[in-house]
Amino acid sequence: MADYKVGDVVWHEGDISREERWKALKAKGCTLWFTGLSGSGKSTIASALEQALVNRGVFSYRLDGDNVRMGLNAGPKILQEIHGNSEAQAKRFGLGFSAEDRAENIRRIGEVTKLFADAGCVSMTSFISPYRKDRDLCRKLHATAKPAPIDFIEVFVDTPVEVCEKRDPKGLYKKARADIAAGKNPGFTGLDDPYEAPDKPELVLKTADLSIEQSVAKCMELLKSKGIIR
Ligand SMILES: Nc1ncnc2c1ncn2[C@@H]1O[C@H](COP(=O)(O)OP(=O)(O)O)[C@@H](O)[C@H]1O
Ligand SMILES: [Mg+2]
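Reading the values: the criteria
Residues numbered from 1 in each chain as written. Chains lettered and ligands numbered in written order. Predicted model: local features only at pLDDT ≥ 70, side-chain atom pairs only at ≥ 80, totals over all residues. Pairing = 2+ DSSP bridges. Helix = DSSP H or I, 4+ residues; strand = E, 2+ residues; numbered from the N terminus. Axes fitted to C-alpha atoms, helices over the stretch in contact; angles between N-to-C directions. Contact = placed C-beta atoms within 7 Å. Buried ≥ 20, exposed ≤ 12 C-beta atoms within 10 Å, placed from the backbone.

Draft legend 1. Examining the sheet that holds strand β1 (residues 30-35) more closely. Spatial ordering of the open sheet is given by β2-β3-β1-β4-β5, a layout of five strands whose pairing is parallel. Bordering the open sheet on either side are β2 (60-64) and β5 (203-205), each of which pairs with just one other strand. Strand after strand, the sheet turns through a mean of 20° between neighbouring axes, direction not considered. Seen against the sheet, helix α6 (residues 99-119) touches β1, β2 and β3 (122-126) and runs at an angle of roughly 160° to β3. Where helix α10 (residues 212-225) meets the sheet, it contacts β1, β4 (152-157) and β5, and its direction lies at approximately 170° from that of β5.

What follows is the structure in structure tokens.
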């Protein structure tokens, strides 16, 4: 079978239901989707939240943008250099930073985080995820999860670009500015590529006014209010 269509593959429910699994694990899965500019604080806050959750015995895991782009969603060059793909395979399966590739990156991560959540994990993603329609697709994937919806919590890490550029933890803004000055288009979100802010995020963290601890506390409060943690 070279290709298949909807209906050709059927969801296999298994012998243990999600409900039974979560009950046995004393866990409740969900996805916390952190979105915001590079340097806004997504990874920092998600990491601190993961630590706070794990310290309380909550099964929690972070899917971080850069980490995922080193493996599951690696770019063509990485696939060739590290994974030994041919040039043709690398072109076909590797993901760069074009709008199309970013969309596929986010879709795949939306599917993976949904599976982690289904397993009973407080699953966190920290991707810029600049386009609303890509994030909305992930929301939909959770809303239509089988056998029942899974909580999708969009956390907008709302840090002005000026603040992000000042922080520039990886020197990426500096590099992008130099490219722009040289007449190139680096396609850098917030500089020469758009960031579409969420319309109705479940949580907004204005990190210019909040400490990392305060942001973590806000996430914890929200998880409590949704009955995900006690
Ligand atoms: N209030 C704050 N909240 C989050 N991060 C902050 C804050 N103040 C300073 N920072 C710093 O900003 C940087 C954010 O980087 P990072 O978390 O890697 O961003 P992102 O994952 O969104 O690209 C880190 O160096 C962090 O220490
Ligand atoms: Mg990050």
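Draft legend 2. Here's a closer look at the environment of Val216. Checked against the element boundaries, Val216 lands in helix α10. Note on Val216: 22 C-beta atoms within 10 Å, which makes it buried. Separated by 32 residues in sequence, Val216 and Lys184 place their C-alpha atoms 38 Å apart. Those residues within four positions of Val216 in sequence are excluded, and the remaining contacts are Ile45, Ala48, Leu49 and Ala52.

Draft legend 3. Main features of the pairing of β1. Counting buried positions along β1 gives six out of six residues, so the element sits mostly inside the fold. What you see with β1 is no split at all: Cys30, Leu32 and Phe34 on one side and Thr31, Trp33 and Thr35 on the other are buried throughout. Relative to β3, β1 runs parallel, the two being bridged by five bridges. Residue pairing in the sheet places Leu32 in a bridge with Met124 of β3. Pairing analysis gives five bridges linking β1 to β4, with the strands arranged parallel.

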